[in-house]
Number of protein chains: 2
Amino acid sequence: MATIKDVAAEAGVSVATVSRVLNGKGYVHEETLMRVREAIEKLNYSPNEVARSLFKRESKLVGLLLPDITNPFFPELARGVEDELQKQGFRLLFGNSDEDPEKEKAYIDTFLQNQVVGLISATQAFSQLNDERPAIPTVLLDRTHEGSYTVYADGIEGGRIVARELVNRGSHNITVLKGPGHIQPVQDRFLGAVEVLASSNVNFQVIQMASLTYEEAEQRAKELFSQYPDTDGIFASNDITAAAVLHEALRIGKSIPDDVQIIGFDDIPMSRLLFPALSTIRQPVYEMGQQAAQLLLKLIKKEQVIEQNIQLPVSFIERNTTRKVKRNG
Amino acid sequence: MATIKDVAAEAGVSVATVSRVLNGKGYVHEETLMRVREAIEKLNYSPNEVARSLFKRESKLVGLLLPDITNPFFPELARGVEDELQKQGFRLLFGNSDEDPEKEKAYIDTFLQNQVVGLISATQAFSQLNDERPAIPTVLLDRTHEGSYTVYADGIEGGRIVARELVNRGSHNITVLKGPGHIQPVQDRFLGAVEVLASSNVNFQVIQMASLTYEEAEQRAKELFSQYPDTDGIFASNDITAAAVLHEALRIGKSIPDDVQIIGFDDIPMSRLLFPALSTIRQPVYEMGQQAAQLLLKLIKKEQVIEQNIQLPVSFIERNTTRKVKRNG
DNA sequence: TTGAAAGCGTTACCAT
DNA sequence: ATGGTAACGCTTTCAA
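Everything numeric in this text was worked out from a predicted model, so none of it was measured.

With that settled, the discussion passes to the overall build of chain A. Across its full length, chain A holds 12 helices and 12 strands. Whereas a compact globule of 329 residues would reach a radius of gyration of roughly 20 Å, chain A reaches 26 Å, over 25% beyond that. Along the first, second and third principal axes, the C-alpha atoms of chain A reach 85 × 45 × 35 Å. Here chain A, with 329 residues, has 57% of them falling under the buried criterion. Put simply, chain A shows about 14,500 Å² of open surface, and 48% of that area lies on carbon and sulfur atoms.

Further remarks concern the protein's contact with DNA strand D. Around DNA strand D sit 26 residues in total, of which Ile4 and Tyr45 of chain A together with Tyr27, His29 and Thr32 of chain B are the nearest. Backbone atoms, meaning sugar and phosphate, form 66% of the atoms of DNA strand D found within 4 Å of the protein. Only α1 (4–11), α2 (15–23) and α4 (49–56) of chain A together with α2 (15–23) and α4 (49–56) of chain B provide two or more residues apiece to the surface near DNA strand D. It is α2 of chain B that provides the largest number of residues to the surface near DNA strand D, a total of four residues.

Before going further, it helps to spend a moment on the interface of chain A and chain B. On the chain B side, the residues contacting the 46 residues of chain A number 46 residues. At the boundary of chain A with chain B, the tally comes to six salt bridges. For Glu215 of chain B, the salt bridge is made with Arg272 of chain A, and the minimal N-O distance between the two is 3.4 Å. Viewed at the interface, chain B and chain A are joined by 22 residue pairs in polar contact (both at pLDDT 80 or more). Contributions of two or more residues to the side of chain A that touches chain B are made by α4, α5 (74–87), β2 (91–96), α6 (101–113), α10 (214–227) and α11 (239–251) of chain A. In the side of chain A that touches chain B, the residues fall into 21 nonpolar, 13 polar and 12 charged. Sheet analysis places β2 of chain A next to strand β2 (residues 91–96) of chain B, joined by three bridges and oriented antiparallel.

Once that is clear, we can look at the domain arrangement of chain A. Residues and elements named next belong to chain A. Assigned domains of chain A: these are domain 1 (4–47), domain 2 (61–153 + 286–314) and domain 3 (155–282). Here the C-alpha centre of domain 3 lies 29 Å away from the C-alpha centre of domain 2. Of the roughly 980 Å² buried between domain 2 and domain 3 on both sides combined, carbon and sulfur atoms contribute 63%. Applying the counting criterion to the domain 2 and domain 3 interface returns zero salt bridges.

The next thing to look at is the sheet that holds strand β9 (residues 261–263) of chain A. All names here are of chain A. The four strands are arranged β7-β6-β8-β9 in an open sheet whose pairing can be described as parallel. Each of the sheet's edge strands pairs with one partner strand only, and the pair in question is β7 (203–208) and β9. Neighbouring strand axes in the sheet, compared pairwise and without regard to direction, differ in orientation by 15 degrees on average. On the sheet, helix α8 (residues 155–168) packs against β6 (173–178), β8 (233–235) and β9 and is oriented at approximately 170 degrees with respect to β8.

This part takes up the relation of the copies chain A and chain B. The transform that puts chain A on chain B rotates by 180 degrees and translates by 0.0 Å along the axis, for an RMSD of 0.1 Å. Expressed as a symmetry operation, the mapping of one chain copy onto the other fits a two-fold axis. The fraction of interface residues of chain A whose copies in chain B are also interface residues reaches 100%, indicating that both copies meet through the same surface.

Here the focus is the UniProt feature "domain: HTH cro/C1-type" (unreviewed entry) in chain A. UniProt records the feature "domain: HTH cro/C1-type" (unreviewed entry) for residues 3–50 of chain A in the present numbering. Secondary structure content for residues 3–50 of chain A is 69% helix and 0% strand, and the end C-alpha separation is 12 Å.

Bringing the UniProt feature "domain: HTH lacI-type" (unreviewed entry) in chain A into the picture now. Per the UniProt record, "domain: HTH lacI-type" (unreviewed entry) is found at residues 2–56 of chain A. From the first C-alpha to the last, residues 2–56 of chain A spans 21 Å; its make-up is 71% helix and 0% strand.

To continue, consider the protein's contact with DNA strand C. Taken together, 26 residues sit near DNA strand C, with Thr17, Tyr27, His29 and Thr32 of chain A together with Ile4 of chain B positioned nearest. Expressed as a percentage, the sugar and phosphate content of the atoms of DNA strand C within 4 Å of the protein is 64%. At 3.0 Å, a backbone N or O of Ser14 of chain A approaches a phosphate oxygen of DNA strand C. In the environment of DNA strand C, a phosphate oxygen lies 2.9 Å from a nitrogen or oxygen atom belonging to the side chain of Ser19 of chain B. Among the elements of the structure, α2 and α4 of chain A together with α1 (4–11), α2 and α4 of chain B are those that each provide at least two residues to the surface near DNA strand C. Of the residues assigned to the surface near DNA strand C, the class counts are 12 nonpolar, nine polar and five charged.

Taken as a whole and assessed by the stated rule, the structure comprises eight aromatic pairs over all chains. A centroid spacing of 5.3 Å and a plane angle of 85 degrees characterise the contact between Phe73 of chain A and Phe74 of chain A, whose relative ring orientation is edge-to-face. The same class applies to Phe73 of chain A as to Phe74 of chain A, namely buried. Measuring from ring centre to ring centre gives 6.4 Å for Phe275 of chain A and Phe275 of chain B, while their planes differ by 10 degrees; the resulting arrangement is stacked. A residue pair is termed interchain when its members come from two chains, as with Phe275 of chain A in the loop between β9 and β10 (280–282) and Phe275 of chain B in the loop between β9 (261–263) and β10 (280–282). Over the ring of Phe190 of chain A we find Lys178 of chain A, and its NZ or CZ is 5.1 Å from the ring centre. Above the ring of Phe90 of chain B, the side-chain terminus of Lys60 of chain B is found at 4.2 Å from the ring centroid.

This paragraph deals with the pattern of salt bridges. All names here are of chain A. Applying the stated criterion to the full structure yields 46 salt bridges over all chains. With a closest N to O distance of 3.1 Å, Arg169 and Glu318 form a salt bridge. Highlighted residues: Arg169 in the loop between α8 and β6 and Glu318 in the segment after β12 (315–317), separated in sequence by 149 residues. The partner of Asp266 in a salt bridge is Arg189, with the nearest N and O atoms 3.6 Å apart. Of this pair, Asp266 sits in the loop between β9 and β10 while Arg189 sits in helix α9 (residues 184–198), and the two are 77 residues apart along the sequence. For the residue pair Asp266 and Arg189, the accessibility class agrees, reading buried in each case.

Turning our attention to α2 of chain B. Residues and elements named next belong to chain B. Buried within α2 are the following residues: Thr17, Val18 and Val21. Buried residues in α2, looked at end-on, bunch into an arc of 100 degrees, giving them a common side. Buried positions along α2 lie against α1 and α3 (30–43).

All names here are of chain B. Relative to the helices and strands, Phe316 is located in strand β12 (residues 315–317). Separated by 239 residues in the primary sequence, Phe316 and Leu77 have C-alpha atoms spaced 19 Å apart. The contacts of Phe316, once residues within four sequence positions are left out, are Ile161, Glu165, Arg169, Ile263, Ser279, Thr280, Ile281 and Thr322.

As a further point, take α4 of chain B. Looking at α4 of chain B, one finds that the buried residues are Glu49, Val50 and Ser53 of chain B. An end-on view of α4 of chain B places all buried positions within 100 degrees of arc, on one side of the element. Contact partners of the buried residues in α4 of chain B: α4 and α6 of chain A. Of the residues that open α4 of chain B, the one with a side-chain oxygen 2.7 Å from the backbone nitrogen of Val50 of chain B is Asn48 of chain B. At the exit of α4 of chain B stands Arg57 of chain B, carrying a positive phi of roughly 60 degrees.

Reading the values: the criteria
- Residues numbered from 1 in each chain as written.
- Chains lettered and ligands numbered in written order.
- Predicted model: local features only at pLDDT ≥ 70, side-chain atom pairs only at ≥ 80, totals over all residues.
- Heavy atoms only, no water.
- Helix = DSSP H or I, 4+ residues; strand = E, 2+ residues; numbered from the N terminus.
- Rg over C-alpha atoms; globule rule 2.2 N^0.38 Å.
- Buried < 20%, exposed > 50% of the residue type's maximum accessible area, 1.4 Å probe, protein only.
- Areas by Shrake-Rupley, 256 points an atom, 1.4 Å probe, with all protein chains shown as cover.
- Near = heavy atom within 4 Å.
- Contact = heavy atoms within 4.5 Å.
- Salt bridge = Lys/Arg side-chain N within 4 Å of Asp/Glu carboxyl O.
- Polar contact = N/O pair within 3.5 Å; in protein donor to acceptor, adjacent residues only side chain to side chain.
- Nonpolar A, V, L, I, M, F, W, Y, C, P; charged D, E, K, R; others polar.
- Pairing = 2+ DSSP bridges.
- Domains from an automatic or database assignment.
- Buried area = accessible area lost by both parts, 1.4 Å probe.
- Axes fitted to C-alpha atoms, helices over the stretch in contact; angles between N-to-C directions.
- Least-squares fit on C-alpha atoms with pLDDT ≥ 70 in both.
- UniProt positions renumbered as here; feature names shortened; annotations may be inferred.
- Phe/Tyr/Trp six-rings, centres within 6.5 Å; stacked < 30°, edge-to-face > 60°.
- Lys NZ or Arg CZ within 6 Å of the ring centre and 35° of its normal.
- Arc of directions from axis to C-beta.

So this is what it looks like as structure tokens:
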């Protein structure tokens, strides 16, 4: 690898001059500029980012911390983040924490040791780590925490919509599979749904889940249908859960959506491929990633940030696990 | 951030000594050791990886290049790679290239500028980039290229299995949706299938696809059923394609698997959630990621590498888009 | 307009 | 057993 010295020697100038043309700052004679450019070309030189980072005490790297990229919700988030950051020449240092605080700390530490300029985290542990928060720009994604910069979707409204749609489409006996309460956006969905359900003229019951995984959902789905056989509407808290419920419902011979309506949450790519295709609440996941990246970029550049918390709207995606609503006229 | 100098001052020793205890090499008195440890503790010091990288001319970073993490095949791959690398303290610099050579080059360049110690790539363009291949350890994942280190699944055998299973389970008129020929592992599936089909007593036809995307597959599926209405067995080349075909088949009223059997390839997580659940060929994706990481680690440490190409076995996952095979007895 | 030199935080060599 | 110091490749004063 050629260094700046090689280029300087080749061009017959000092390294300072080369540095100037590299960074396009300071005066440099037209002719010298040419010579340097040629030398760079000839030696196929490109600057060592590590040396740069060392001097500037910051890199062009951003740390991205996810619970688990294997969960279908996250790839698009990550893509949104990456695409946005990439435009400005930033690269991603990437890690999955499995929500394990140890792993999480290990990742954050090494990210910091590598002098990342910013951090984006979609993990719960991180958002709770209040003390000893790294002194670099940080944005929480799909998580919230008092005093932090955050980007998330409107869970409350999402929950409300689910309840409304279920009720409007004729469910009278609704079961909601409630996700873990310590994850705020998930809790919000629940709150929104209950708010509407409580003021509607329907029965409803809630089953508490420790995690929103397929495995647990399979189990809970069985309980659901044996414990509440009259259920004719289900809010599944996320699409993975909904898929498990749907599978179980079909297995025991329920007709969907005629016997039971099901609504998920997230609109992960698989949802439209289920059969029947899953009605769900769409979070603008890719956009959430983008927004988080944009917010972080502003923070890094110390630009004025108007809103510390960015809430994105959700929308109902009508597919085939809900009945058609009767139109008037 | 405290530096090694601060620690030295705090402990009343020289930076050289601190460096020695940090790296556990060279002599250092028991008592001095203690003092230094205390100073480190007290100042909450951790070494600057960037400075280390600069001096050593290599980092603890590995570059991972993927076509698109949003494609459900890749998250598990990435996880396999990460988990394995993480054990040894390596971190991932991560990028999606969309198979765009420009983007690809940009990522590789910056990875190199950040002095990654190794590269893992699952992109096609990269494997073709023969000249000017970076002089650092590199392994190709799910791609092959003459002279490179590679990890991939046995596509040929996979193709054979698909053909055999389709035939054994009673299909007589088989359509294969062939993926892009320039991706070797995809081409292999095709070759394997044709090998068996050609020597079987069945009809078969092939439809060429430019990409294995859902969008194109939806289109091709329509052509398939109108052009070859007698098709009673389909090899879909990957699970995404299979999902699209399945959807279309159901839509036009085919009974699956009675009228038409469908077999996919990959066994992405969604496959078992489709309805009917998709029969497919399972690639050990997570393990492929691990193996690639292990191979890279060996390369980095200049350990003896026995096989330059690691081929992993595939297996048939019987679900509900294929008929039950008749058992003798 | 250009160059010399200091310094970013480490490590490793050479003395002592 | 310990310390001084050059070096890694770059940027940025400061002086010329």
